[in-house]
Amino acid sequence: MSQVVGIDLGTTNSLVAYMDGATPRVIQGESGRSMVPSIVAFDQDGNPDHTLVGDLAKGKLIAETGRTIYSVKRFMGKGREDLEEADIKQVPFKLVGGEKEALRIQIDQRLYSPPEISAIILRALKQRAETHLGSEVTQAVITVPAYFNDSQRQATKDAGRLAGLDVIRILNEPTAASLAYGLQKTKQGIIAVYDLGGGTFDISILKIKGGIFEVLSTNGDTRLGGDDFDQRIVERIREDLLKQYQIDLFELPALRQEARLVAEQVKCALSEQSTAEIVLSLPNKKGIYRREISRKEFEASVQDLVDRSTGPCLQALADANLKPEDVTEVVLVGGSTRMPFIKQAVENLFHKTPHSELDPDEVVALGAAIQANILSGDISDLLLLDVTPLSLGLETMGGVVSKLIPRNSTIPTSGKEMFSTFVDGQKNVSIHVVQGERELVEDCRSLAKFNLTGIDPMPAGMPRIEVTFLIDADGILNVKAKDLRSGRAQSVEVTPTYGLSDAETEAMISASMEHAKEDMEKRQRIEVQNEAETVIRHTEKALKQGKDLVDANEQRSITTALAELKEALSRENPAAIREKLNRIDEVTQSLAEKLMSRSVKEALQNKRLDNI
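Residue positions within a chain follow its written sequence, with the count starting from 1. Only residues with pLDDT of at least 70 are given local features in this predicted model, and only at 80 or more are side-chain atom pairs given and counted; all residues enter the totals for whole chains, interfaces and linings. With hydrogens and water set aside, each side-chain value is computed from the structure's full complement of heavy atoms.

**Q** Mind showing me how you'd approach the overall build of the chain here?
**A** Helix and strand labels come from DSSP, where a helix needs a run of H or I of at least four residues and a strand needs a run of E of at least two; each type is numbered from the N terminus. The number of helices and strands found in the chain is 17 helices and 28 strands. For the chain, the residues scored as buried account for 52% of the 612 residues in total. Contacts are assigned to residue pairs that have any heavy atoms within 4.5 Å of one another. Long-range contacts, defined here as pairs at least 24 residues apart, represent 67% of the contacts in the chain between residues at least 6 apart. For the chain, the computed accessible surface area is about 27,700 Å², with 47% contributed by carbon and sulfur atoms. Buried, partly exposed and exposed residues are distinguished by accessible area as a fraction of the type maximum, computed with a 1.4 Å probe on protein chains only: under 20%, between the cut-offs, and over 50%, respectively. Residue burial considers only the protein chains on display, and all accessible areas are found by Shrake-Rupley using a 1.4 Å probe.

Okay, structure coming up:
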């Protein structure tokens, strides 16, 4: 019988776990190591069937720099325009792709997408699990950073499919960690999961009560991880080599890779001891570079990286309407949390000692295995509720965003709203799906556009267009628009081929807070202008239809009020427009009543005629 496994597809290392009875266990390889380095090395012919994965591939980082791919998770679901020059310069392999195109990695004459590279890693994990379990593995729960957007989640599912796995759930990494700690068995309260991995930082605030895990909020930094701490040591080495030997590390790919590996070893050593030595063999018989670095010196060089994690933590707390002292437990996840000053920074922020009993490298995979067991029906006393990190909505008249699903809504979820046309006889409606926290479309991210055609031509405001947003358990958005009169419908699964840039992801929520007053004023101005245009159109139509129902004075009052409203509209003064709208409402009240009375009489007369 096929068993569902849990997979932590990490930036630096990946793991696969399963349930051994009631206990989750990470599967070790032949060497006894549980972690598989997320590295793929291609041989000279570039054939995907002739690849090395994990520790074997890691051994090729120096000798085959252009054919050895690492940290591919950072490029999942992204386009070329999402990357900065620094991202490209930090890796020795070639990244290609035009504007608005999915990113590709070039190996000799062949191009590979990040999901294809990730699939090679997943296949190795699948084979490891099948060897250990003695049975075929076809289904998996795969974890992703909580702040992965729709495109990145879809890319992860694609990687699983390419590896021959049915990905039955995409699970947020911090949520998986909370399952691994089993806090629901003894604790009820608010849990903060601080996850500093190899490539990303995530913070999740969870509420746990009666076996129900509910993610109240998430935040993070997609540019912050252990790789960045390693890079600071590499930069120090580069400075020394330039000064002492006139060697530029960045111009020598093999030496640069060796420096990166040494930097990682030194960082790990400084978590256990107060000093460590950097030793690097130099090319062209220039000897050996040696340098001692202290923990204090290293911590000073990366203090800004630690400080960068504070902002997302405070924002996540604010989103959940909580203060640090409201948090009852703090969980550390990710190998980078082994650094003593990271633990201290988290303790200082939340005013309590964080949990670190479980191996921080394994905790996410263990949680994924538990979630796999829940989905297979073997565990029935747990419920896991995740949230969507950014609001989703539609563009409405004037470029205003109508939000159907607010940020931090529990998923799976749906949102439904009724819209109509703005122009008489309109046969098509353009549906523009956006993501973000700002009030105007121009300040949000465009996700998808499609047209609903074949609407029966009717006066503006008469058609009823029902738009439904549905986010599934994996965080994938489906949008459907339906004309309720004709029954015609169009739908789209929002799966863009490139994702948010890191800068956009990190800035969207803070920008919405910073510009909240300004955005709301713009929105109110646009909305009152839209209302004024509609009122003018309807009033002129009503005046034409009911000319025989009003006297000259009443007609003059309505005409004057219309002229004043048009003048206020031309000056774009919201307060003046609102005042003139109120005036229109006053002077047209009698006309509206008379038109309604006549319509009722005509309807009754027509009904009597039908009965004769």
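The rest of the description comes next.
**Q** Sorry if this is basic, but what is going on with the nonpolar core here?
**A** Considering soluble globular proteins, one finds that nonpolar side chains tend to be buried as a cluster. Residues enter a nonpolar core if they are buried and are Ala, Val, Leu, Ile, Met, Phe, Trp, Tyr or Cys, with the set joined through side-chain atoms within 4.5 Å. Ranked by size, the top nonpolar core spans 46 residues in total, and within it Ile7 and Leu95 carry the most contacts. Per-element accounting of this core gives the leading share, seven residues, to helix H3 (residues 114-133). If sequence neighbours within four positions are ignored, Leu95 has contacts with Phe75, Leu83, Ile88, Leu103, Arg104 and Ile105. Of all hydrophobic cores here, the second largest spans 45 residues; its members include Ile247, Leu255, Ile293 and Phe341.

**Q** Help me understand the sheet that holds strand S9 (residues 104-107) in this model?
**A** In any sheet, the strands associate via hydrogen bonds between backbone groups, in a parallel or an antiparallel arrangement. Read across the sheet, three strands follow the order S8-S9-S10 without closing on themselves; strand pairing throughout is antiparallel. Edge strands, defined here as strands with exactly one partner in the open sheet, are strand S8 (94-96) and strand S10 (110-112). Taken over all neighbouring pairs, the strand axes of this sheet differ in orientation by 40° on average, direction set aside. Relative to S9, S8 runs antiparallel, the two sharing three bridges. Looking at the pairing, Lys94 lines up with Gln106 of S9. DSSP calls a pair of strands paired once it identifies at least 2 bridges connecting them. The angle between two axes is taken between their N-to-C directions and runs from 0 to 180 degrees, where each axis is a line fitted to C-alpha atoms and a helix contributes only its stretch in contact.

**Q** Sorry, what's going on with the pairing of strand S18 (residues 329-333) here?
**A** Here is the key point about a regular strand: its side chains alternate between the two faces of the sheet. The buried fraction of S18 is high, at five of five residues. Covered by surrounding structure in S18 are Glu329, Val331 and Val333 together with Val330 and Leu332, the residues of both alternating faces. In this sheet, S18 lies alongside strand S13 (residues 189-196) in parallel orientation, the contact comprising five bridges. What sits directly across from Ala192, in S18, is Val330.

**Q** It is not clear to me how the packing of aromatic side chains should be interpreted in this structure. Could you clarify?
**A** Each pair of aromatic rings is reported with the distance of its centres and the angle of its planes. We call Phe, Tyr and Trp rings a pair once their centres come within 6.5 Å, taking the six-membered ring for Trp, and we label the pair stacked below 30 degrees between planes, edge-to-face above 60, and tilted otherwise. Within this structure, the stated rule accounts for five aromatic pairs. Ring centres of Phe42 and Tyr112 lie 4.8 Å apart, and the angle between their planes is 35°; this geometry places the pair in the tilted category. With Phe42 in strand S5 (residues 39-42) and Tyr112 in strand S10, this residue pair connects regions lying 70 residues apart in the sequence. Since its relative accessible area comes to 3%, Phe42 is described here as buried. Tyr112 sits in the buried class, given a relative accessible area of 3%. A connected cluster of aromatic rings, assembled from ring pairs, spans Tyr70, Phe75 and Phe93.

**Q** It is not clear to me how the packing of helix H15 (residues 552-570) against helix H16 (residues 574-587) should be interpreted in this structure. Could you clarify?
**A** When two helices pack together, their arrangement is captured by the angle between the axes and the distance separating the axes. Packing of H15 against H16 brings their axes to within 9 Å, and their N-to-C directions diverge by 165°. Taken together, the axes of H15 and H16 lie roughly antiparallel to each other. H16 is crossed by H15, and the crossing has left-handed handedness. Contacts between H15 and H16 involve Glu554, Ser557, Ile558, Ala561, Leu562, Glu564, Leu565, Ala568 and Leu569 on the former and, on the latter, Ala576, Ile577, Lys580, Leu581, Arg583, Ile584 and Val587. All amino acids are sorted into three groups, where Ala, Val, Leu, Ile, Met, Phe, Trp, Tyr, Cys and Pro are nonpolar, Asp, Glu, Lys and Arg are charged, and the leftover types, Gly among them, are polar. Considered class by class, the residues forming the contact of H15 with H16 number 11 nonpolar, one polar and four charged. An angle below 35 degrees is read as roughly parallel, one above 145 as roughly antiparallel, one from 65 to 115 as roughly perpendicular, and any other as oblique. The hand of a helix crossing depends on one turn: near helix anticlockwise from the far one by less than a right angle means left-handed, and clockwise means right-handed.

**Q** Just to check I follow, could you spell out the sheet that holds S5 for this structure?
**A** One open sheet holds the three strands; their spatial order is S6-S5-S7, and the pairing between them is antiparallel. Strands at the two margins of the open sheet, each flanked by one partner only, are strand S6 (51-53) and strand S7 (68-70). Neighbour-to-neighbour, the strand axes of the sheet open up by a mean angle of 20°, direction not taken into account. Sheet topology places S5 next to S7; three bridges connect them, and they run antiparallel. When the bridges of S7 are listed, Ala41 appears paired with Thr68. Each of S5, S6 and S7 is contacted by H3, which is oriented at about 105° to S5, the strand it contacts most.

**Q** So what exactly am I meant to see when it comes to helix H4 (residues 150-162) here?
**A** For an α-helix, 3.6 residues make a turn, and residues three or four places apart therefore share a direction. Helix span, expected: 1.5 Å multiplied by one less than the number of residues in the helix. Spanning 13 residues, H4 covers 18 Å between terminal C-alpha atoms, matching the ideal 18 Å at 1.5 Å per step. Buried within H4 we find Asp150, Ser151, Gln152, Arg153, Gln154, Ala155, Thr156, Ala159 and Gly160. Downstream of H4 by a residue or two, Gly164 has a phi angle that is positive, lying close to 85°.

**Q** Is there a simple way to explain the environment of Leu216 in this structure?
**A** As for its placement among the helices and strands, Leu216 is situated in strand S15 (residues 212-221). A C-alpha to C-alpha distance of 8.5 Å links Leu216 and Ala316, two positions 100 residues apart in sequence.

**Q** Explain the pattern of salt bridges to me, please; I cannot follow it from the model alone.
**A** Pairing between side chains of opposite charge can happen when the charged atoms of each approach one another. For this document, the term salt bridge refers to a Lys or Arg side-chain nitrogen within 4 Å of an Asp or Glu carboxyl oxygen. Considering all chains together, one arrives at 27 salt bridges under this definition. In this structure, Arg161 engages Asp158 in a salt bridge whose closest nitrogen and oxygen atoms are separated by 4.0 Å. With a gap of three residues between them, Arg161 and Asp158 both fall in helix H4, about one helical turn apart. Each of Arg236, Asp240, Arg291 and Glu297 takes part in salt bridges that share partners, so that together they form one network.

**Q** I keep staring at the side chain of Ser113 and nothing clicks. Help me out?
**A** Relative to the helices and strands, Ser113 is located in the loop between S10 and H3. For Ser113, a relative accessible area of 11% puts it in the buried group. The contact partners of Ser113, leaving out residues within four places of it in the chain, are Leu103 and Arg104.

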